[in-house]
Protein chains: 2
Amino acid sequence: MTLSKRQQEMTKQNYVAETEQTLQYTIAEKVTQLFTPSSHSVSVESKMDLQVNTLVNDFLGEINTNTDVDLNALVSKFTDSKVPVEPYNFDSYVEYLANNVVAHSIRTSSPRFIGHMTSALPYFVRPLAKLMTAMNQNVVKMETAKVLSPYERQALAMMHRLIYNFSDDFYTQHIQNSQSTLGILVSGGTAANIIALWCARNASLGPKDGFAGVEKEGLAAALDYYGYKGAVVIGSDLMHYSFDKAADLLGIGMHGLIKVPTNCNNDVDLQALRQAVADCRAQKFHIIAIVGVAGTTDSGNVDPLVAIADIAQAANVHFHVDAAWGGPLIFSEQHRHKLAGIERADSVTIDGHKQLYLPMGIGMLFLREPQLAASIEKSASYTMRKGSFDLGKRALEGSRPGMALFLHAGLNLIGLKGYEFLIDEGIRKTQYMAARICAMPEFELLAEPEMNLLIYRYIPEPFRGLVAKNQLTEADNQQINQFNQRLQKIQRQAGRTFISRTTKTITCFGENISITALRAVLANPLTTQDDIDAVLNDQIQIASELSISNSLEAAENVA
Amino acid sequence: MTLSKRQQEMTKQNYVAETEQTLQYTIAEKVTQLFTPSSHSVSVESKMDLQVNTLVNDFLGEINTNTDVDLNALVSKFTDSKVPVEPYNFDSYVEYLANNVVAHSIRTSSPRFIGHMTSALPYFVRPLAKLMTAMNQNVVKMETAKVLSPYERQALAMMHRLIYNFSDDFYTQHIQNSQSTLGILVSGGTAANIIALWCARNASLGPKDGFAGVEKEGLAAALDYYGYKGAVVIGSDLMHYSFDKAADLLGIGMHGLIKVPTNCNNDVDLQALRQAVADCRAQKFHIIAIVGVAGTTDSGNVDPLVAIADIAQAANVHFHVDAAWGGPLIFSEQHRHKLAGIERADSVTIDGHKQLYLPMGIGMLFLREPQLAASIEKSASYTMRKGSFDLGKRALEGSRPGMALFLHAGLNLIGLKGYEFLIDEGIRKTQYMAARICAMPEFELLAEPEMNLLIYRYIPEPFRGLVAKNQLTEADNQQINQFNQRLQKIQRQAGRTFISRTTKTITCFGENISITALRAVLANPLTTQDDIDAVLNDQIQIASELSISNSLEAAENVA
């Protein structure tokens, strides 16, 4: 029997009789209707669908990056902390959303929003979002996911194979073996990086000769047992801030995150890295992992992964690659070589919600050794029983949604060649933008782009000669920094185009000179060369109205 | 200019000219169309919308909990680890999804799926899922979220107010103050519990007199500095397994998670808790937090929170309440008293994807003291700059989706009275089911339900007399355990109804007798008394075909 048939049989009278209580009738009816598949609810949902579709099409169809609404005025709309007593009227809430939320949301899909790692998404993610939410699977265990567990394992194995390219036999053996973990699907790259170091810590300070291991005995006891003075993770000073979180969380402390200097190319200085390893060894510090970055958050640079793999191998230390951003270069024949060495990593982070063009909330960790995640395995009597197929056994998170739907669909509906095209196009446009910046006297390129992130700055007219002669003083740089900060804030507030900003020490400029950089991310397939020109011209326009002296005031007026 | 207008102007010729490359034309065109708002893509998306709507309506309209597909046969469909080279055809993929994924997914919304903490959801979450995905905001920072940041803060403040009920002045001061954190929206209760203990650890072992605190110096140095032999978290032996993860992650080790015995009511034994606190103190173990459970995962029992709050206060220790399941009782006038004392907690976990009836992926942590999360604050030069409004500063996760849309909508569209109705109804039906179980000779109720979780077991006919006389031997119990395990597996495999199972030490049955319990969760608003009867009758039917001797074989045949 279907539920809609049931619903027809369940009259109002039956319902009231069944509850056997004096309920406030309208609330009971209203709330029950929200959940019940019936001709009434289907028609209400269809109406809401149409309203949402209109909102979505308007939102996605707009080229401006945001409204110019004042932030304080916007915030002041959200100061009531009382939950409404009665259910709000549906149409009113959708109207409220339209006017207050959707209208002022950031148009991350705009071809002129090229400042952060968000992009337009392929349209199939939208119907799939509805499907995923309607199915409401919980992937923590088979009993609430069943088919999604092997389906997710398959999608992760596909990515694993792109990275490691092991034999057919390897994948046949592990892809659906509940004792093996080729990949872990998580909410984002931060969780993936944390889990990588968690596995590395637990595996390297594991049970031995009656000692139960760091997992059970804790870090202080493990360091004591193994005879270490402390524990560290080593990587470049351009590691993502999620490693700060990981070092803190895992109990090694942020001072235990050794940040090795980078060179002019924003790559880790290999000599300094070798020295750091030797120093830690000499001082009896346990090295949990060495981290290589494949796509720095600032400027998209890739560490020399082969050399780092050699260092890690020689030291017998876990090698983790944070390829949250850069990992998908693996799809491109032309650019894959930039990741050479990634196949030697013990663990690799890749974000689905970045260059796989999937919705927010998809991080992935891949493991070279399918047993590594056993070091963090947990079980419980009511779920994730030992030996079960439950994916929650080896994970940081517990209950989680069926995000694998997006990953699996992306891999199939975009395909190897589709992703290759997207990666190649982003890098091609970045080269175009870099060439434009170099050709325009108003701008200075701050680093040769390695993939599709670009840092540059605006040079106010009085400083242009000095830039050409490489004669800027520190005071000059500070003035230029302030100018760029103001420029970026005004541009953001105006809402026509968007570029982000960051603060970088540009090693090649000399020691300890902190530079405010404008930062472009060229990932959106909708962005054309015309859009890139429009973004740069918008900056020139704003800059022309912003003299060095009046820029402070102007910037402060827009918060 | 709108993007659809742009699209009209962007002809195939222009596009090819622009790329200035010899691309495999069909791939370039296909992939670009996936992203481009145009009349073509809108029509393809609309078609997919309709296909998905049909899938969704069929899925939600079916009363059976699953198909009876063989798990091994199902798994064998997902063994290809190669990413398709060419983009897959759209219609084919939807058909593939329909036949292989949707068809065999667990119907968590079925009124007869009453074994896990999943339920039918209100229909408004489905269009909102599409809206959220289309907007693709990243709440880690204002620049990719803007309005969603204050909007999320408002929704969290509403929940905070329900728990703590501070003054209007308090909420006016903190609700939109970027220096204050009333709540943190995360992917689930596990992350919320981890963050709670992370904050408690960092705040209690913080910077002092030249020592930089555990965050920077690490756990071993902090224990050393403060003169502790180790660090512990104390709670009942029915704490959720996320606390095992937290103890492991945070470096205190799972042995540092002190699990105090529970009594007949599945509540922590207060005398034993006091003793554990005293013992830790005497042995110089630092107590990071004392945990109270508000809704055990097994059976929905609530610890005596007022008494635990007294103990924590006397010991000056952080008091965390894991109300992932039970928190929403706060909405019910009739049942709120069961949570008395929660308002004294320093931190409270509540899951949105449980009894707030929101999609998977919504956990929440609430903080009594709005500055507590400063103990885990991180920043980075490219985002989350100090002093900014960016929500990612005080969080475990980095990039994350705008799940606040669901929370805010739920609070408004269901409202205080709507949630009260849902909570009251679940508990009413649980009482009905408990009464039915008590009235039927085939079943034994294993604990008096406190909210809407129920544990019971089937008693095969030969043992019924002994149960009545309370004369079961350990061997008898083992036989009954095996019978119930098989019963649950066959029921699950048949896919008509669903009840989960757990293994419990029922203290009142005598020491160390491990009991396999059937576990019902009565949260689905669609579940009627008839459905409850159907579930119990299905079990009786299965049991009747399952003699004690043949049950082993039968169960093994269904894996």
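The residue numbering used here restarts from 1 in each chain and proceeds along that chain's sequence as written. Starting at A for chains and at 1 for ligands, labels are handed out in the order in which the entities are written. In keeping with the predicted nature of the model, local features appear solely for residues at pLDDT of at least 70, side-chain atom pairs appear and are counted solely at 80 or more, and the whole-chain, interface and lining totals rest on all residues. Only hydrogens and water are set aside when side-chain values are computed; all heavy atoms of the structure are taken into account.

1. Quick notes on the overall build of chain A
Item 1. Counting its regular elements, chain A contains 21 helices and 11 strands.
Item 2. The principal-axis extents of the C-alpha atoms in chain A amount to approximately 85 × 70 × 45 Å.
Item 3. Burial status follows relative accessibility: with a 1.4 Å probe on protein chains alone, a residue under 20% of its type maximum counts as buried, one over 50% as exposed, and anything between as partly exposed. When each of the 559 residues of chain A is scored for burial, the buried share is 67%.
Item 4. Contact between two residues is taken to exist if any of their heavy atoms lie within 4.5 Å; hydrogens are not considered. Counting only contacts in chain A whose residues sit at least 6 apart along the sequence, the fraction spanning at least 24 positions is 70%.
Item 5. Of the roughly 18700 Å² that chain A leaves accessible, carbon and sulfur atoms contribute 48%.
Item 6. Only four residue types enter the charge count: Lys and Arg as positive, Asp and Glu as negative, with His and the chain ends excluded. Working definition for charges: the position is that of NZ of Lys, CZ of Arg, CG of Asp or CD of Glu. The average position of the 49 basic charges and that of the 58 acidic charges among the side chains of chain A differ by 4 Å. Note on conventions: DSSP H or I runs of at least 4 residues are helices, E runs of at least 2 residues are strands, and numbering of each starts at the N terminus. Only the protein chains shown count as covering a residue, and every accessible area follows the Shrake-Rupley method with a 1.4 Å probe.

2. Describing the interface of chain A and chain B
By a frequent convention, interface size equals the accessible area lost on bringing the separate parts together.
Item 1. Contacts between chain A and chain B engage 192 residues on the former and 192 residues on the latter.
Item 2. Accessible area, probed at 1.4 Å, shrinks when two parts are joined; the buried area is that loss added up over both. Note on chain A versus chain B: buried area summed over both sides is about 16400 Å², and carbon and sulfur give 64% of it.
Item 3. Salt bridges, as used here, are contacts in which a Lys or Arg side-chain nitrogen is within 4 Å of a carboxyl oxygen on Asp or Glu. Put simply, chain A and chain B have 12 salt bridges between them.
Item 4. Lys417(A) is paired through a salt bridge with Glu86(B); the nearest N and O atoms lie 3.6 Å apart.
Item 5. Whenever two N or O atoms come within 3.5 Å, that pair is a polar contact, provided that in protein one can donate a hydrogen and the other can accept it, and provided that, for residues adjacent in sequence, both atoms are side-chain atoms. Taken together, the links from chain A to chain B amount to 70 residue pairs in polar contact (both at pLDDT 80 or more).
Item 6. With 13 residues, the single largest contributor to the side of chain A that touches chain B is helix α4 (residues 39-60) of chain A.

3. Observations concerning helix α20 (residues 529-544) of chain A
Residues and elements named next belong to chain A.
Item 1. Helix length check: α20, at 16 residues, gives a terminal C-alpha distance of 22 Å against a target of 22 Å (1.5 Å per residue), a fit within 8%.
Item 2. α20 sits mainly inside the fold: 12 of its 16 residues count as buried.
Item 3. When α20 is considered as a whole, its buried residues turn out to be Gln529, Asp531, Ile532, Asp533, Ala534, Val535, Leu536, Asp538, Gln539, Ile540, Ile542 and Ala543. Expected helix span is taken as 1.5 Å per residue step, with the number of steps being one fewer than the number of residues.

4. Describing the pattern of salt bridges
Item 1. This structure, assessed with the given rule, holds 46 salt bridges over all chains.
Item 2. The salt bridge partner of Asp168(A) is Lys82(B), with a shortest N-O separation of 4.0 Å. Taken together, the residues Asp168(A) in helix α9 (residues 168-174) and Lys82(B) in the loop between α5 (71-75) and α6 (90-102) connect one chain to another.
Item 3. The class for Lys82(B) is partly exposed, based on a relative accessible area of 48%.
Item 4. A salt bridge links Asp248(B) to Arg201(A); the shortest N-O distance between them is 2.7 Å. Within this pair, whereas Asp248(B) is found in helix α13 (residues 242-249), its partner Arg201(A) is found in helix α10 (residues 189-204), the two belonging to separate chains.
Item 5. Relative accessible area serves as the criterion here: at 0%, Arg201(A) is assigned to the buried category.

5. Side note on the sheet that holds strand β2 (residues 230-236) of chain B
Residues and elements named next belong to chain B.
Item 1. Strand order in the open sheet formed by 7 strands is β1-β7-β6-β5-β4-β2-β3, with mixed pairing between adjacent strands. Looking at strand neighbours, the two that pair on one side only are β1 (183-186) and β3 (257-260), the edges of this open sheet. Strand after strand, the sheet turns through a mean of 20 degrees between neighbouring axes, direction not considered.
Item 2. Strand pairing is assigned whenever DSSP identifies at least 2 bridges connecting the two strands. By the bridge criterion, 4 bridges tie β2 to β3 in an arrangement that is parallel. Within β3, the position partnered with glycine 235 by the bridge is lysine 259.
Item 3. α13 contacts β3, β4 (285-293) and β5 (318-322) of the sheet and is inclined by roughly 150 degrees relative to β3. Note on definitions: angles span 0 to 180 degrees between N-to-C directions of axes, and those axes are lines fitted to C-alpha atoms, for helices only across the stretch in contact.

6. Thoughts on the relation of the copies chain A and chain B
Item 1. The two copies are related by a screw operation: chain A maps onto chain B through 180 degrees of rotation and 0.0 Å of translation along the axis, at an RMSD of 0.0 Å. Interpreted geometrically, this transformation is the action of a two-fold axis.
Item 2. When the interface residues of chain A are mapped onto chain B, 100% of them are again interface residues, pointing to one common binding face. In this comparison the copies share one frame, found by least squares on the C-alpha atoms of residues holding pLDDT of at least 70 in both.

7. What to know about the sheet that holds strand β10 (residues 500-505) of chain B
Residues and elements named next belong to chain B.
Item 1. Strand order across the open sheet formed by 4 strands is β8-β9-β11-β10, with antiparallel pairing between neighbours. At either margin of the open sheet sits one strand with a lone partner, and together these are β8 (443-445) and β10. If you compare each strand with its neighbour and ignore which way they point, the axes differ by 45 degrees on average.
Item 2. Bridge count for β10 against strand β11 (residues 514-521) is 6 bridges, and the pairing is antiparallel.

8. With respect to the packing of aromatic side chains
The geometry of an aromatic ring pair is captured by two quantities: the separation of the ring centres and the angle between the planes.
All names here are of chain B.
Item 1. Side-chain rings of Phe, Tyr and Trp, where Trp is taken by its six-membered ring, are said to pair if the distance between their centres is within 6.5 Å; with planes under 30 degrees apart they count as stacked, over 60 as edge-to-face, and otherwise as tilted. Overall, the coordinates contain 34 aromatic pairs over all chains when judged by the stated rule.
Item 2. With centroids separated by 5.0 Å and ring planes inclined at 80 degrees, the aromatic side chains of phenylalanine 170 and tyrosine 171 adopt a geometry described as edge-to-face. The burial state of phenylalanine 170 is the same as that of tyrosine 171; both residues are buried.
Item 3. As a reminder, the over-ring test applies to NZ of lysine and CZ of arginine, requiring each to be within 6 Å of the ring centre and within 35 degrees of the ring normal. The residue whose ring lies beneath arginine 153 is phenylalanine 389, and the NZ or CZ to ring-centre distance is 5.5 Å.

9. Let's talk about the side chain of Gln176(A)
Item 1. Examined against the element boundaries, Gln176(A) turns out to sit in the loop between α9 and β1 (183-186).
Item 2. Of the polar contacts made by the side chain of Gln176(A), one reaches the backbone oxygen of Pro150(A); its length is 2.9 Å.
Item 3. Separated by 2.7 Å, the side chain of Gln176(A) and the backbone oxygen of Phe78(B) make a polar contact.
Item 4. The contacts of Gln176(A), once residues within four sequence positions are left out, are Pro150(A), Arg153(A), Gln154(A), Phe389(A), Val75(B), Phe78(B) and Thr79(B).

10. Some thoughts on the pairing of strand β4 (residues 285-293) of chain A
All names here are of chain A.
Item 1. Within β4, 8 of the 9 residues are buried, which leaves the element mostly enclosed by the surrounding structure.
Item 2. Pairing geometry for strand β2 (residues 230-236) and β4, over 5 bridges, is parallel. Bridge assignment links valine 233 to a residue of β4, and that residue is alanine 289.
Item 3. Summarising the sheet, β4 and strand β5 (residues 318-322) pair through 5 bridges and their orientation is parallel. Residue pairing in the sheet places valine 291 in a bridge with histidine 320 of β5.
Item 4. Think of it like this: strands point away, you trace from the first strand over the helix to the second, and a clockwise trace means the crossover is right-handed. Handedness of the β-α-β unit built from β4, helix α15 (residues 305-315) and β5 comes out right-handed.

11. Thoughts on unusual backbone geometry
Item 1. In this structure, Asn266(A) is a non-glycine residue whose phi angle is positive, near 65 degrees.
Item 2. When you line up the elements, Asn266(A) lands in the loop between β3 (257-260) and α14 (270-282).
Item 3. The phi angle at Tyr357(B) is positive, at roughly 60 degrees, despite the residue not being glycine.
Item 4. Within the element layout of this structure, Tyr357(B) appears in the loop between β6 (347-351) and β7 (363-367).
Item 5. Residue classification places Tyr357(B) among the buried residues on the basis of a relative accessible area of 1%.

12. Some remarks on the UniProt feature "modified residue: N6-(pyridoxal phosphate)lysine" (unreviewed entry) in chain A
Item 1. The UniProt feature table records "modified residue: N6-(pyridoxal phosphate)lysine" (unreviewed entry) at Lys354(A).
Item 2. Summarising the element assignment, Lys354(A) is placed in the loop between β6 (347-351) and β7 (363-367).
Item 3. Taking the relative accessible area as the measure of exposure, Lys354(A) reaches 14% and is therefore buried.
Item 4. Sequence-distant contacts of Lys354(A), defined by excluding residues within four places in its chain, comprise Met117(A), Ala324(A), Trp325(A) and Ser399(B).
Item 5. At a separation of 2.5 Å, a polar atom in the side chain of Lys354(A) contacts the side chain of Asp351(A). UniProt positions are given in the numbering used here, feature names are shortened, and annotations may be inferred rather than shown by experiment.

13. Describing the environment of Ala520(A)
All names here are of chain A.
Item 1. Mapping alanine 520 onto the fold places it in strand β11 (residues 514-521).
Item 2. Residues alanine 520 and lysine 130, spaced 390 residues apart in sequence, show a C-alpha to C-alpha distance of 32 Å.
Item 3. Once residues within four sequence positions are removed from consideration, alanine 520 is found in contact with Ile114, Met433, Asn452, Leu453, Leu454, Tyr456 and Ile499.

14. Regarding the confidence of the model for chain A
Residues and elements named next belong to chain A.
Item 1. On a range of 0 to 100, pLDDT expresses the predictor's confidence in each residue. For chain A, mean pLDDT is 92; residues scoring 70 or higher make up 92% of the total.
Item 2. Between residues 554-559, whose pLDDT stays under 50, and residues either more than four places distant or in other chains, the model counts 8 contacts.
Item 3. Both scores are available for the predicted complex, with the pTM at 0.95 and the ipTM at 0.94.

15. Quick notes on helix α8 (residues 148-164) of chain B
Residues and elements named next belong to chain B.
Item 1. Between its terminal C-alpha atoms α8 stretches 24 Å, which fits the 24 Å expected from 17 residues at 1.5 Å a residue.
Item 2. The buried count for α8 comes to 16 of 17 residues, which makes it a mostly enclosed element.
Item 3. Downstream of α8 by a residue or two, asparagine 165 has a phi angle that is positive, lying close to 50 degrees.

16. Structural notes on the packing of α14(A) against α15(A)
For any two helices packed against each other, the geometry is given by the interaxial angle and the distance between the axes.
All names here are of chain A.
Item 1. Two elements in contact, α14 and α15, have axes whose closest approach is 11 Å; the angle formed by their N-to-C orientations is 15 degrees. The orientation of α14 with respect to α15, classified from their angle, is roughly parallel. As for how α14 packs across α15, the hand of that crossing is right-handed. Contacts from Leu270, Leu273, Arg274, Val277 and Arg281 of α14 reach α15 at Ala307, Ile308, Ile311 and Ala315.
Item 2. Residues that form the contact of α14 with α15 fall into these classes: 7 nonpolar, no polar and 2 charged. Comment on the angle field: the value is read as roughly parallel under 35 degrees, roughly antiparallel over 145, roughly perpendicular from 65 to 115, and oblique elsewhere. Throughout, a crossing is termed right-handed when the near helix is turned clockwise from the far one, and left-handed when it is turned anticlockwise from it by less than a right angle. For this classification, Asp, Glu, Lys and Arg are treated as charged, while Ala, Val, Leu, Ile, Met, Phe, Trp, Tyr, Cys and Pro are nonpolar and the rest, including Gly, are polar.

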